[in-house]
Amino acid sequence: MLRIDVVTIFPVLFEPFARESMVGIACQRGKADLKVHDLRDWTSDRHRTVDDSPYGGGPGMVMKPEPLVTAIEALAGEKGPSRKARVILLSPQGRRLEQERVEQLAREEHLVLVCGRYEGVDQRVIDLAVDEEISIGDYVLCGGEVAAMAIIEATTRMLPGVLGNPESTEWESFQKGLLEGPQFTRPPEFRGQGVPEVLLSGDHGKVASWREARALERTKERRPDLIRTRQDGEGD
Ligand code: JF5
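Residues numbered from 1 in each chain as written. Predicted model: local features only at pLDDT ≥ 70, side-chain atom pairs only at ≥ 80, totals over all residues. Heavy atoms only, no water.

**Things to note about the pairing of strand E5 (residues 86-96)**
Here comes step 1: Where E5 meets strand E6 (residues 110-115), five bridges bridge the pair, whose relative direction is parallel. Among the inter-strand pairings, Val87 is bridged to a residue of E6, identified as Val112.
Here comes step 2: After leaving E5, the chain enters helix H4 (residues 99-106) and then returns to the sheet as E6, a path that is right-handed.
Here comes step 3: The sheet contact formed by E5 and strand E7 (residues 132-135) spans five bridges and is parallel. Bridge pairing in E7 links Arg95 to Ile134. (Pairing = 2+ DSSP bridges. Helix = DSSP H or I, 4+ residues; strand = E, 2+ residues; numbered from the N terminus. Right-handed = clockwise from strand over helix to strand, strands pointing away.)

In structure tokens:
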């Protein structure tokens, strides 16, 4: 069971996501437990303030430390070796997320995902309460919520018994580091376009080697970096 807590100022954004998606199925099946928390629940002023202007001046607002650190410590305990949870801040300053890290995160018992907004969070929150910053890519969002959903979806689908079809994750690990080749379903002809003969042949061996060849070809063309990075030089 992977426990995930999210801290956000927009908890409603997660409602349909938690209810309708594969993530909802993972929770129903008892494989994951997703809880979304409103950061403002940890404010103590009348206006439930979560941000303030930056010291030194400049545009925009910064997330103030008190509500965030209170929330994180309530959910994860104090930072240090006895903390059981992994506290992750989604931010463009983080290390770029890749599938290997996703698989490690899926094996954690408890993740606390902290969604930043505005121009960023007070550095002391990161130093005192966050274990790791993760980016989902080199672009800037308005807040960490969409990035948190990406992590939730990527990790929960790796949990045993979530995808229902274990071969699809096995296939993935067999093909690890390669892009998927082209896929086809019925009808056999669509707007004058057919389907590669081999896929209709019923020869599973031929189908498998055709798929491998197409996956490799596509990867070389679109993501040559993946080929150079691939461990143990399988394929070529
Ligand atoms: C965020 C302040 C966090 O923009 C991102 C992001 C991009 N890649 N991964 C995460 O996070 C939202 C915006 C402003 C802190």
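Okay, back to it.
**Regarding the domain arrangement of the protein chain**
Here comes step 1: If you check the domain split of the protein chain, you get domain 1 (2-156) and domain 2 (172-235).
Here comes step 2: Once you take the C-alpha centre of each, domain 1 and domain 2 turn out to be 36 Å apart. (Domains from an automatic or database assignment.)

**Examining the layout of surface pockets**
One simple way to see leftover space: roll a probe sized like a water molecule over the atoms.
Here comes step 1: Reported here for the second largest pocket is a volume of approximately 420 Å³.
Here comes step 2: In terms of lining, the second largest pocket is formed by 25 residues, of which the most central are Leu90, Ser91, Pro92, Gln93 and Gly120.
Here comes step 3: Among the secondary structure elements, those contributing two or more residues to the lining of the second largest pocket are E5, helix H5 (123-129) and E7.
Here comes step 4: Element by element, the count of residues in the lining of the second largest pocket is highest for E5, at five residues.
Here comes step 5: Looking at the lining of the second largest pocket residue by residue, the class counts come to 13 nonpolar, nine polar and three charged. (1 Å grid on protein atoms, 1.4 Å probe; cavity = no way out; pocket = protein on both sides within 12 Å on 5 of 7 lines; lining within 4 Å. Points joined across faces, edges and corners; volume = space filled by probe spheres on them. Nonpolar A, V, L, I, M, F, W, Y, C, P; charged D, E, K, R; others polar.)

**Some words on the nonpolar core**
Here comes step 1: Of all hydrophobic cores here, the largest spans 28 residues; its most connected members are Val6, Phe14, Leu113 and Ile152.
Here comes step 2: Looking at which element gives the most residues to this core, the answer is helix H6 (residues 145-156), with six residues.
Here comes step 3: Ignoring any residue separated from it by four or fewer positions in sequence, one finds Phe14 in contact with Val6, Thr8, Val36, Cys115, Glu145, Ala148, Met149 and Ile152.
Here comes step 4: Leu39, Ile72, Val87 and Val114 belong to the second largest nonpolar core, which has 21 residues in total. (Core = buried A, V, L, I, M, F, W, Y, C linked by side-chain atoms within 4.5 Å. Buried < 20%, exposed > 50% of the residue type's maximum accessible area, 1.4 Å probe, protein only. Contact = heavy atoms within 4.5 Å.)

**Looking at the pairing of strand E1 (residues 2-8)**
Here comes step 1: Of all seven residues in E1, six are buried; the element is thus mostly enclosed.
Here comes step 2: For E1 and E6, the ladder comprises five bridges, and the chain directions are parallel. In the strand pairing of E6, Val7 is matched with Val114.

**Observations concerning the environment of Glu153**
Here comes step 1: Mapped onto the elements of the fold, Glu153 is located in helix H6.
Here comes step 2: When its relative accessible area of 39% is taken as the criterion, Glu153 is described as partly exposed.
Here comes step 3: Separated by 132 residues in sequence, Glu153 and Ser21 place their C-alpha atoms 8.6 Å apart.
Here comes step 4: Each residue touching Glu153, except ones within four places of it in the same chain, is listed here: Phe17 and Val23.

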